[in-house]
Structure formats: structure tokens, C-alpha cells
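If you want the building blocks of each chain, they are given just below.
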Amino acid sequence: MTADTMTRPVNLILLGPPGAGKGTQARMLEDAFGLVQLSTGDLLRGAVNAGTPAGLAAKSVMEKGELVSDEIVLAVLEERLQQPDVAAGTILDGFPRTAAQAEALDGLLAARNQQIDAVISLEVDDDAMVARVSGRYTCADCGEGYHDEFKQPATAGVCDKCQGSSFKRRPDDNAETVRTRLSAYHAQTAPLIEYYNARGTLSKVAAMGAIDDIAKALGKIVSHLTGA
Ligand code: AMP
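Residues numbered from 1 in each chain as written. Predicted model: local features only at pLDDT ≥ 70, side-chain atom pairs only at ≥ 80, totals over all residues. Heavy atoms only, no water.

## So, helix α2 (residues 40-50)
If you check which residues of α2 are buried, you get T40, G41, L44 and A47. Buried residues of α2, seen end-on, are gathered within an arc of 125° and therefore sit on one face of the element. Residues of α2 that are exposed and angled more than 90 degrees away from the buried face: N49 and A50. For α2, the elements touching its buried residues are β2 (36-39), α3 (53-64), α4 (70-81) and β3 (89-93). (Buried < 20%, exposed > 50% of the residue type's maximum accessible area, 1.4 Å probe, protein only. Helix = DSSP H or I, 4+ residues; strand = E, 2+ residues; numbered from the N terminus. Arc of directions from axis to C-beta. Contact = heavy atoms within 4.5 Å.)

Written out as C-alpha cells, the structure reads:
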């Protein structure tokens, strides 16, 4: 089933620490179900690169691996939600990250006669996350993800997907910043697992295995919601 045949928009939240695979899985779900990935990290990086006031305020906080203020994050998200492509439904990746954001999200969706249909917590071992995140990089042209240890391009220096030859790394994907990001996750975001569990919308998915196996588990949950 594609977005245009769905009866109503489906909104999904992916929860999990940095490195859990939220972005990878969100992109796979986009392709499979026609939902739109909304990554507040991507939106904030866009604002930083564009030099907007929100971006200027967020830059140093992101470099340290701390959380950007709810006010800034909500402003960039709200702006994005006004664009027509998200009407089909969304996969929220990296949002909400605080209780205040979760409450604000309910309000934003209610104003659009929508709701959160499912929250999926990607369950991973923290110890493995530092190595996972510190080795990752992407193709600068198409965004395909790679890893120094786990996924090199078939031909060194050439993107498998678009044959591009420039690659980039996020400035916050270094071991020290990842540790701060993991602490922020446990202190401020992990409590949302219980928040959504109490609302009966939470599923936990074991996410240390193969990317395709995890995608299958997520696909089952989403097909159930969309009737696909
Ligand atoms: P991510 O791409 O999701 O790993 O986010 C990268 C960085 O952007 C985080 O370490 C935070 O500094 C900031 N960020 C992204 N999303 C949020 C959010 N929902 N709330 C606060 N800060 C965020």
C-alpha cells in the first residue's frame, strides 16, 4: 500500500540511542510505506548550514552532544509539518527527546486531527553504540550510509549507490561526543519509553542484529497500522 491509498495518515515514532539505527530504518520505512522521515537532527543541521537564527543557536549545543532547547526544536519541526508532503504520515526520527516535546507533539498532531499511532523503541547495547557511531560516514551526494568497520563501499572511495566520490562525517560523531549524547538519551529521552508504554502505543524491537531483519520486524508493525 502506498501513501495515496492509505485511509488516514499514520504517524510513527522511532526511539533509541544514537547509533540504534533510527535513520537507517526510517529511510527503509519511507521507501516501503510512502511515509515521510522527519529527523529533527537533519532539520537542525539544515538550519546550521543555512545560518538561520535557530541554526546559530543550535550549533555549539549540537557539537557538544547536548540537547537543543525544546523551543528551537519545536519551531523547526512545526515549520516542517506545514509542508504538504508530510500529510501522508510521518516517521519521527530523533523526536520527541524530552517529556515537554512529547506533550507538544500531541498538541501539534491534535491540531491536524492526527495522533501517534505507534512508538517503536529500538533496543540496543549501549557499549556497542560508541564504535557504531564513531565509524560512520555518508556519501556527500546521495546520503548513502557507510561505516569504517561494518560497511565499506564495494570499490574504495566510490559510493555504491550513486558512484559519487565525496563522503562526509558528522562533527558530533566522535567518541567523546557520542558518550555525551548517550547520557542525554538516558537522562532525558529514555523515560519516554515508559510514557508511551503507559499509553499502550509502545513496541520494543531488538535492534542489534542484521539491518534487514530489523526492517522486517518494523515492517510488520507498520503494515498492521496501514493495513498494507
Ligand atoms: P540526531 O541527528 O538525531 O543524532 O541529532 C543530532 C543532535 O541534534 C543531537 O545531539 C541534539 O544536539 C540535536 N537534536 C536533534 N533532535 C533533537 C531534539 N528532538 N531535541 C533536542 N535536540 C535535538
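From this point, the discussion proceeds with the structure in view.
## Concerning unusual backbone geometry
Cis rather than trans, the peptide bond between F95 and P96 has omega equal to -5°. With a phi close to 55°, N113 is a non-glycine residue in the positive phi region. Structurally, N113 can be placed in the loop between α5 (99-110) and β4 (118-123). A relative accessible area of 76% places N113 in the exposed class.

## Describing the site of the ligand
Taken together, 16 residues sit near the ligand, with T40, R45, E66, R97 and Q101 positioned nearest. Taking E66, its main chain carries an N or O atom lying 2.6 Å from an oxygen atom of the ligand. Separating an oxygen atom of the ligand from a side-chain N or O atom of R170 is a distance of 3.0 Å. Protein chains shield 96% of the accessible area of the ligand, which is 480 Å² for the free molecule. (Near = heavy atom within 4 Å. Polar contact = N/O pair within 3.5 Å; in protein donor to acceptor, adjacent residues only side chain to side chain. Areas by Shrake-Rupley, 256 points an atom, 1.4 Å probe, with all protein chains shown as cover.)

## Topic: the sheet that holds strand β8 (residues 202-206)
Strand order in the open sheet formed by five strands is β2-β3-β1-β4-β8, and the pairing between neighbours is parallel. Every interior strand has two partners, whereas the edge strands, β2 and β8, have only one. Each neighbouring strand pair of the sheet contributes to a mean axis angle of 25°, computed without reference to strand direction. The sheet contact formed by strand β1 (residues 10-15) and β4 spans four bridges and is parallel. (Pairing = 2+ DSSP bridges. Axes fitted to C-alpha atoms, helices over the stretch in contact; angles between N-to-C directions.)

## Re the environment of V178
Its location among the elements puts V178 in helix α7 (residues 175-189). Separated by 44 residues in the primary sequence, V178 and S134 have C-alpha atoms spaced 7.5 Å apart. Aside from chain neighbours lying at most four places away, what touches V178 is M129, V130, V133, D172 and D173.

## Let's talk about the nonpolar core
Counting 30 residues, the largest nonpolar core has I13, L44, V68, L92, L105 and Y196 as the members making the most contacts within it. If you list the elements that add at least two residues to this core, you get β1, β2, α3, α4, α5 and α8 (191-198). If you tally residues by element for this core, the top one is α4, at six residues. Apart from the residues lying within four places of it in its own chain, the contact partners of I13 are L92, F95, P96, L105, I116, A118, V119, I120 and Y196. In this structure, V124, V130, V133 and V222 belong to the second largest nonpolar core, which totals 23 residues. (Core = buried A, V, L, I, M, F, W, Y, C linked by side-chain atoms within 4.5 Å.)

Geometric descriptors of this kind do not, in isolation, establish any biological role.
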